[in-house]
Number of protein chains: 2
Amino acid sequence: MSIDREGVRAPYLQLADILRTRIQTGEIPTGRKLPSQMELEQEFDLSRNTIKKALDVLKAEDLIETAPGRGLFVKNSKAE
Amino acid sequence: MSIDREGVRAPYLQLADILRTRIQTGEIPTGRKLPSQMELEQEFDLSRNTIKKALDVLKAEDLIETAPGRGLFVKNSKAE
DNA sequence: ATCCATTTGTTCGTATGTATT
DNA sequence: GAATACATACGAACAAATGGA
């Protein structure tokens, strides 16, 4: 899965979609760590700001939480 | 019991939790010595700085006291 | 008293990772 | 993208207290 820079949907929303899918399908289970922001930068070739914007979306959806100095963690892999 | 390095909770807090439980359950009674910092390093595979940080937490909770050159001691095994 | 081993206390440097501006 | 701040962890070094031989 990659980002379509020419698409209508903003890249940060595309990234949020991709990560949301990984979480909701259980590909990354609750409590597990997500790739670091730097790894996401490389994987999707997006700037840090864009990564952060996507993560903010997932945080607002209560799907992930961030732990300063530790990483990104899946909060709810399924709706409950 | 061991430390989950991938967990959301920082290792030093996990260690504090583990030791707090051992104390509060009476597994290590009041006045008894805890394993030395070096032994804790080996048991949990953490650096001494991290061990120390966990001990600082328990000291702040008045659960243990440290004696330079002697070791770590349980102050209150139960709430009183 | 001297020496040595053990243990805690403290500090510095380095690395990683997130948050903020 | 860049710079700065903060949180966490590791490693290393040295000091100081203690206790045994």
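Just above, that's the structure.
Residues numbered from 1 in each chain as written. Chains lettered and ligands numbered in written order. Predicted model: local features only at pLDDT ≥ 70, side-chain atom pairs only at ≥ 80, totals over all residues. Heavy atoms only, no water.

Engineer: What am I meant to see in the protein's contact with DNA strand D here?
Structural biologist: The local shell around DNA strand D holds 17 residues, among which A:Asn49, B:Pro11, B:Tyr12, B:Asn49 and B:Thr50 are the closest. Here DNA strand D approaches the protein such that, of its atoms within 4 Å, sugar and phosphate make up 56%. One of the side-chain N or O atoms of A:Asn49 is found 2.3 Å from a base oxygen in DNA strand D. Note that a phosphate oxygen of DNA strand D is positioned 3.0 Å from one of the backbone N or O atoms of B:Ser47. Looking at the surface near DNA strand D, the elements with two or more residues in it are α1 (11-24) and α3 (48-60) of chain B. The element best represented in the surface near DNA strand D is α3(B), accounting for 4 residues. Residue composition of the surface near DNA strand D, by class: 6 nonpolar, 6 polar and 5 charged. (Near = heavy atom within 4 Å. Polar contact = N/O pair within 3.5 Å; in protein donor to acceptor, adjacent residues only side chain to side chain. Helix = DSSP H or I, 4+ residues; strand = E, 2+ residues; numbered from the N terminus. Nonpolar A, V, L, I, M, F, W, Y, C, P; charged D, E, K, R; others polar.)

Engineer: Sorry, what's going on with the sheet that holds strand β3 (residues 71-74) of chain B here?
Structural biologist: All names here are of chain B. With antiparallel pairing, the 3 strands of this open sheet are ordered in space as β1-β3-β2. Of all strands in the sheet, those with a lone pairing partner are β1 (33-34) and β2 (64-67), marking the two edges. Alignment of β1 against β3, held across 2 bridges, turns out to be antiparallel. Opposite Leu-34, over in β3, you have Leu-72 as the bridge partner. (Pairing = 2+ DSSP bridges.)

Engineer: Would you mind showing me how to read the pattern of salt bridges here?
Structural biologist: Two side chains bearing opposite charge may form a pair once their charged atoms approach each other closely. For the structure on display, the rule yields 13 salt bridges over all chains. For A:Glu61, the salt bridge goes to A:Arg20, with nearest N and O atoms at 2.8 Å. Note that A:Glu61 is positioned in the loop between α3 (48-60) and β1 (64-67) and A:Arg20 in helix α1 (residues 11-24), a separation of 41 residues in sequence. Looking at A:Glu61, the relative accessible area reads 36%, which means it is partly exposed. Accessibility expressed as a relative area gives 18% for A:Arg20, which makes it buried. B:Arg9 is the partner of B:Asp17 in a salt bridge, and the nearest nitrogen-oxygen pair spans 2.7 Å. (Salt bridge = Lys/Arg side-chain N within 4 Å of Asp/Glu carboxyl O. Buried < 20%, exposed > 50% of the residue type's maximum accessible area, 1.4 Å probe, protein only.)

Engineer: In this structure, what is going on with the environment of B:Gln37? I would like to understand it.
Structural biologist: Residue and element names in this part refer to chain B. Along the chain, Gln-37 turns up in helix α2 (residues 37-44). Separated by 18 residues in sequence, Gln-37 and Leu-55 place their C-alpha atoms 9.1 Å apart. What Gln-37 contacts, discounting residues up to four positions off in sequence, is Arg-48, Ile-51, Lys-52, Leu-55 and Leu-72. A polar contact is formed between the side chain of Gln-37 and the side chain of Arg-48, at a distance of 2.5 Å. (Contact = heavy atoms within 4.5 Å.)

Engineer: Would you mind going over the packing of α1(B) against α3(B) with me for this structure?
Structural biologist: Each pair of packed helices can be described by the angle between their axes along with the distance between the axes. Residue and element names in this part refer to chain B. Contact pair α1 / α3: the axes reach a minimum separation of 8 Å and the direction vectors enclose 55°. It follows that α1 is oblique to α3 by the angle criterion. As α1 packs across α3, the resulting crossing turns out to be right-handed. Side by side, α1 and α3 meet where Tyr-12, Leu-15, Ala-16, Leu-19 and Arg-20 of the first sit next to Thr-50, Ile-51, Lys-53, Ala-54, Leu-55, Val-57 and Leu-58 of the second. Its residues assigned to classes, the contact of α1 with α3 comprises 9 nonpolar, 1 polar and 2 charged. (Axes fitted to C-alpha atoms, helices over the stretch in contact; angles between N-to-C directions. Parallel < 35°, antiparallel > 145°, perpendicular 65-115°, else oblique. Left-handed = near helix turned anticlockwise from the far one by under 90°.)

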